[in-house]
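Chain by chain, the residues run as shown.
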Amino acid sequence: MRATEPDIPRYSWRASQNERPSRSWRTLGRRRSTAGALALILAFSAAGLTAPFATAQDWHTLRGLATEELLRLANVNDAGSAVAQRAQLTLADRLATRDSANARRWVDGVLQHAETESDEHALAIALNCQLLLRGGEPGTKELCAEVRDGTLRVDSLLVETQILLISSFLAYREGDHGTSRSAVETAVANAKRTQDPRLNALSNNWLGVHHATVRRPRLALPHYQEAWTYSLKAVDSADIQRTVRLNVANVYSQIGKHKEALDVFEAMDQHPEYSQPARRLISAVMRAEALIGSGRPDEAEVALASVLEITGGSVQQDTYAYALSTLAHAQLEANRLPEALTNFIESMRMMGVSPPNGLDVPRAQPVLVPFARALAMSGRKYEAEAVLDGVIENVPADEPNQILLDAWLERSRLARVDGRQNDALQAERRARDIRAWLTNTAYEYRIGRLHAAIELEVRTAELALVKERAKNDLWNAQREKRRRTAMLLTFVLSLLIGYLWLGRRMQKRLATSERTQKVALEQQVAERTEELENEMAGRLAGELAQSKLTQQLAESEKMRALGQLTAGVAHDFNNLMTIVTLTSDYLQEVHFTPGSEPHRLLNDILTAANSGARITNGLLAYARRQTLVPEQIDLKAFFDDNATLFRNSLGERAQLVVNVEPCSITIDSGQLTTAILNLLLNAREAIQERGTVTITSMICEEFAEVCVRDTGTGMSPDTLERAVEPFFSTKSGSEGVGLGLSMVYGFAEQSGGSLRLTSQPGTGTTARLRLPIAACPLAIVTPAPRLAHEASLDRRVLVAEDRDALRAMLGQLLEALGWDVTAVPCADTAMAEIDSNGPPDLLISDVLMPGSMDGYELAGRLRCLHPDLPVLIMSGYADAGDSDYAFLSKPFTQRDLREAIDAAIERSAESQASAQTATQ
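Residues numbered from 1 in each chain as written. Predicted model: local features only at pLDDT ≥ 70, side-chain atom pairs only at ≥ 80, totals over all residues. Heavy atoms only, no water.

> Explain the packing of aromatic side chains to me, and be specific about the residues and the numbers.
Aromatic ring pairs: the centre-centre distance and the angle between the two ring planes describe each pair. Considering all chains together, one arrives at six aromatic pairs under this definition. Arranged with centres 6.1 Å apart and planes meeting at 65°, the rings of F344 and F371 form a pair that is edge-to-face. Highlighted residues: F344 in helix α19 (residues 337–351) and F371 in helix α20 (residues 365–377), separated in sequence by 27 residues. Residue class for F344 comes out buried when judged on its relative accessible area of 1%. Using a relative accessible area of 5% as the deciding quantity, one classes F371 as buried. Taken together through their ring pairs, the aromatic side chains of F638, F639 and F646 make up a single cluster. One Lys or Arg, R105, reaches over the ring of W106 and ends 4.4 Å from the middle of that ring. (Phe/Tyr/Trp six-rings, centres within 6.5 Å; stacked < 30°, edge-to-face > 60°. Helix = DSSP H or I, 4+ residues; strand = E, 2+ residues; numbered from the N terminus. Buried < 20%, exposed > 50% of the residue type's maximum accessible area, 1.4 Å probe, protein only. Lys NZ or Arg CZ within 6 Å of the ring centre and 35° of its normal.)

> Just give me the short version of the nonpolar core, but keep the residues and values in it.
By size, the foremost hydrophobic cluster in this structure holds 125 residues, and its most contacted members are V147, I163, L304 and F344. Considering each element in turn, this core owes the most residues, 10 residues, to helix α16 (residues 277–293). In this structure, L650, I667, A723 and L757 belong to the second largest nonpolar core, which totals 37 residues. (Core = buried A, V, L, I, M, F, W, Y, C linked by side-chain atoms within 4.5 Å.)

> Lay out the sheet that holds strand β5 (residues 703–710) in plain terms, naming residues and giving numbers.
Across the sheet, five strands lie side by side as β2-β4-β5-β7-β6; this open sheet has mixed pairing. The strands lining the two open edges of the sheet, one partner per strand, are β2 (654–659) and β6 (754–760). Neighbouring strand axes in the sheet, compared pairwise and without regard to direction, differ in orientation by 15° on average. Inspection of the sheet shows β2 paired to strand β4 (residues 691–700) by six bridges, in the parallel sense. Residue pairing for β4: V657 is matched across the bridge by T694. (Pairing = 2+ DSSP bridges. Axes fitted to C-alpha atoms, helices over the stretch in contact; angles between N-to-C directions.)

> Lay out the pairing of strand β9 (residues 820–824) in plain terms, naming residues and giving numbers.
With five bridges joining them, strand β8 (residues 796–800) and β9 adopt parallel strand pairing. Counterpart to V799 in the pairing with β9 is A823. With helix α31 (residues 804–816) bridging β8 and the parallel β9, this β-α-β connection has right-handed handedness. (Right-handed = clockwise from strand over helix to strand, strands pointing away.)

> Explain a nonpolar patch on the surface residue by residue, including any values.
Residues L488, F491, V492, L495, L496 and I497 make up a contiguous nonpolar surface patch of roughly 650 Å² in combined accessible area. With respect to the secondary-structure elements, L495 resides in helix α24 (residues 441–590). (Patch = residues over 30% accessible without salt bridge, like charges linked within 9 Å, V, L, I, M, F, W, Y side chains within 5 Å. Areas by Shrake-Rupley, 256 points an atom, 1.4 Å probe, with all protein chains shown as cover. Salt bridge = Lys/Arg side-chain N within 4 Å of Asp/Glu carboxyl O.)

> Give a detailed account of the pattern of salt bridges, specifying residues and quantitative values.
Scanning the model with the defined rule gives 30 salt bridges in all. In this structure, E299 and R296 form a salt bridge, with 2.9 Å as the shortest nitrogen-oxygen distance. The partner of R373 in a salt bridge is E333, and the shortest N-O contact between them spans 3.6 Å. Taken as a pair, R373 in helix α20 and E333 in helix α18 (residues 317–333) lie far apart in primary sequence, 40 residues in all. Linked through salt bridges whose partners overlap, the residues forming this network are K381, E385, D418, R420 and D423.

> Any chance you could break down the side chain of S81 for me, citing the residues and the numbers?
By secondary structure assignment, the location of S81 is in the loop between α4 (67–76) and α5 (82–95). At 3.3 Å, the side chain of S81 and the backbone nitrogen of A84 are in polar contact. (Polar contact = N/O pair within 3.5 Å; in protein donor to acceptor, adjacent residues only side chain to side chain.)

> Go over the environment of E725, please, and point to the residues and values.
Residue position: E725 is located in the loop between α29 (717–721) and α30 (740–750). Spatially, the C-alpha atom of E725 lies 5.7 Å from that of S742, the residues being 17 residues apart in sequence.

> Tell me about the sheet that holds strand β12 (residues 886–889), and please be specific about residues and values.
Strand pairing within a sheet occurs via backbone hydrogen bonds; the two strands may be parallel or antiparallel. One open sheet holds the five strands; their spatial order is β9-β8-β10-β11-β12, and the pairing between them is parallel. Because the sheet does not close on itself, it has two edges, and the strands there are β9 and β12. On average, each strand axis in the sheet is inclined to that of its neighbour by 20°, with strand direction left out of account. Along the sheet face, α31 touches β8, β9, β10 (842–846) and β11 (871–875) and points at about 170° away from the line of β9. (Contact = heavy atoms within 4.5 Å.)

And the structure:
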């Protein structure tokens, strides 16, 4: 951490109450020096030699006077006299940090009246340069040219030492640390020769700043000790003592004692902030470093960013770069890598450093190790190792510092992350040696001794404050005693006069308070009543919502149960209808001639069986288990193509109005036609005499909504609730089966949409059918024509069907087609048959059968053993299931059976051809 410059504004080591003892020390020293000076002046005045004495005042005498005496000498003497000019320059030196405006005024006066090549003129130029640097004002380069080049020639060793300090400060600001350090070391040697306490304190403190800047607190501490010792001897040196204390806090931070450093900063918070932007920014940076070391990077970033925003444009570039690098360090510790890297690079650019170049610049070296850590955390470990190697190479090995220790520790961490354990152990060993060298016993003892010296001075100040307060308390007690005696008499008289008035006043206040409390109580009761009413209303609304959800859940469970029931009924009914259809078809084809009475009766049986199949299809539609063939159609074109069919279905008593917008949907067009016809037929039955049926459409997000609205009688709530149940109808049993709306409901749900009915008695009914909008065009595949396959007598078919009658009928039909039939009641028996007699030439299996396997599992196992086996799956659910097998929906005829067998054999042949092509 960079240390503070030697003329930072004053602060108190403790709380604000310690300010008065500090003034007491200065006043005590000031009285001694002033008394001696006044006695000497009076003696010369008595002899009529005041003017010769004034011209004989040298720099040492003036620097030993109090500020008040310097003000008198600066104002009383002629502006061109050496005494006035030296007094003014001494005042400017003391006021540089706490009143820069007056300091500039004194310096400007000397520059106007001093001789060109005099000591006074040279010191004024140097002080003017220093004030410009402190204030961050433009024009510094030209006005500081003589100080920078060392062309100022002076006779006084004391003035030469002051100019050397300012020259060192200028070189430090310009980044020339070598020149700066040489100048301040010369200043320290000269200051000892001058025996001036203030110069010795300033020069030693500034040399300590140099060592602290490059993180060598072990070398900085002895100079801070010297600076503290000399500051106690100097006149009006509170600003120097404050600077030394602050730099000791800097040492605390560098050696890891961040709590002690923060104690110093907390004491500073009770005093005004620095007037100069650079002082204010540097103090904020040092506080931020201590906060970062204490594990509070977010707090450090916020505090430092606010000060940077206020002072950023009015400080020198190197000071701003120093603060920016500390802000980046805080962001790094807060794990904000992008901001940290940006600020690190910008601060190094302002310092003239661009890794891997410029790593030997001392003022930039404290930035490099955190910058390397940020690079490593960002995944740029090779760049990070290059920066760390540059730091290790440019820090002198004979005088290691905290920067070198941090570099070795970071190298150890990087090597351990990469798995280079030997390199990590070597780096850790080197870091331990440097840490032991930095924290040796002498070093700890020295900082403890300096802290004890500062603490002793503080305790002395506190003791003086306690004595002064005790004296003031005694005087205040006596004054208070007299005041109380006088007040007692007044109080007794006023008590007698105001007793009755006070009683009446209290009665009025009591009455007013009672009224106020009553109003407040009534208001609280009203508010509580309103809260209870709102709470009861909320509970009632919650209970209603819960009841509605429960009712919806029960309705959903009922509909699901009805769906399962209808699907099971349809499945069993289809099995029965299959037996009826196959038997009638077989008898009609084999035993009876066309036109005969038995042939006609069998036609009636087949017609009835087909009607039953349609009923089961309606049940399967409600259960959402029918087979759909979705395709992409335009909704408007669909209604235009079927307009005549829809109008004819309504008859003459209802008028059809269609207003449908163009929209592309994916749907089974045949089932959609059936669904619209069912809705129109229900609307026709609801219209008693004359009415209108309106069909409209609208787009709702990913759905197209088709609304069929009629002006019929409508439905009651009970009827509306059961409208989509299978076999529910308001007509007599001979007029309908009650499957129309249930088919529409099942079709909509299976297609990914929904059906919603709204109706009121006397106002008509609205059916809203939601259908999915097409995402992209569907590929239309034209099925290839099937080839007829004739079965030879030596080909064997395995039939798996659990119903005995249907199994026997299938065996008889297949034998008539020329197959050698083996019929079994379940899949387990089929597997045993195959294990005994080998695989068949064709497998025909039902889906649902008793046993451990269904038809699909049986087909899958046989396909794994015999990939070329033709498979035909039968089911009463009309669900094709796996597309790898031919499918036959129950009920079916002999012709359907023959076509399905051909399809199964053809699909098996295609699979063989594909396999052979892939093998070749």
